Amino acid sequence: QIRKYLTTTGIIKDENKICCERINDIKYGYPLCDKNYTLARKKILSFLSGNSIIPCGRYGSWRYLSMEDVIMESNEIVSSLVKS
């Protein structure tokens with residue numbers, strides 16, 4: 001349970017202090033690739049980069065990633081931003 005994880009890891013002190021939450025049950029959990037995938041992804045990522053948007057995760061970067069990959073990618077992005 002995410003509430004418990006946030007408190008046990010010290011990210012928050014008290015799970016009862018969470019003021020709002022949203023559960024988003026997504027029917028399709030992974031991006032679907034087709035013949036346009038490579039070119040479309042390149043154009044999308046170029047647009048995001050040109051607008052100072054950092055893509056992250058399955059949906060943000062349009063890649064087939066496990067949750068562990070998403071967590072590692074997120075940590076790398078945060079680390080690079082902190083160093084900047």
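Definitions and cut-offs
Counting restarts for each chain: residues are numbered from 1 in the order of the written sequence. Note on the predicted model: pLDDT of at least 70 is required for a residue's local features to be given, and 80 or more for side-chain atom pairs to be given and counted; whole-chain, interface and lining totals, by contrast, use all residues. To get the side-chain values, all heavy atoms of the structure are used, and hydrogens and water are removed first. Segments assigned H or I by DSSP are reported as helices when at least four residues long, segments assigned E as strands when at least two residues long, and all are numbered from the N terminus. Taken over C-alpha atoms, the radius of gyration is set against a globule rule of 2.2 Å times the number of residues to the power 0.38. Under the scheme applied here, a residue whose accessible area is under 20% of the maximum for its type counts as buried, over 50% as exposed, and between as partly exposed, the area being computed with a 1.4 Å probe on protein chains only. Contacts are assigned to residue pairs with any non-hydrogen atoms lying within 4.5 Å of each other. Throughout, the Shrake-Rupley method with a 1.4 Å probe supplies accessible areas, and for residues the shown protein chains are the sole cover considered. By the counting scheme adopted, Arg and Lys are positive, Glu and Asp are negative, and His together with the chain ends is not counted. Taken as the charge centre is NZ of Lys, CZ of Arg, CG of Asp or CD of Glu, depending on the residue.

## Section: the overall build of the chain
Turning to step 1, where the next piece is worked out: Of the regular secondary structure elements, the chain holds four helices and zero strands.
Turning to step 2, where the next piece is worked out: Seen in sequence order, the chain has helices and strands lined up from the N terminus as α-α-α-α.
Turning to step 3, where the next piece is worked out: Expected size for 84 residues packed as a compact globule is a radius of gyration near 12 Å; at 16 Å, the chain overshoots this value by more than 25%.
Turning to step 4, where the next piece is worked out: Principal-axis analysis of the C-alpha atoms gives the chain an extent of 45 × 35 × 20 Å.
Turning to step 5, where the next piece is worked out: Expressed as a percentage of its 84 residues, the buried residues of the chain come to 12%.
Turning to step 6, where the next piece is worked out: In the chain, the share of contacts with a sequence separation of at least 24, taken over all contacts with a separation of at least 6, comes to 28%.
Turning to step 7, where the next piece is worked out: Only carbon and sulfur atoms are counted for the fraction: they give 58% of the accessible area of the chain, which is about 7,400 Å².
Turning to step 8, where the next piece is worked out: Across the chain, the 13 positively charged side chains and the 9 negatively charged ones have centroids separated by 6 Å.

## Looking at unusual backbone geometry
Turning to step 1, where the next piece is worked out: One non-glycine residue, S52, lies in the positive phi region at around 55°.
Turning to step 2, where the next piece is worked out: Among the structural elements, S52 can be located in the loop between α2 (37-50) and α3 (57-61).

## Some thoughts on the side chain of E73
Turning to step 1, where the next piece is worked out: Position of E73 among the secondary structure elements: in helix α4 (residues 67-83).
Turning to step 2, where the next piece is worked out: Of the residues examined, E73 reaches a relative accessible area of 13% and is grouped as buried.
Turning to step 3, where the next piece is worked out: Those residues in contact with E73 that lie beyond four places of it in its chain are C56, G57, S61, R63 and L65.

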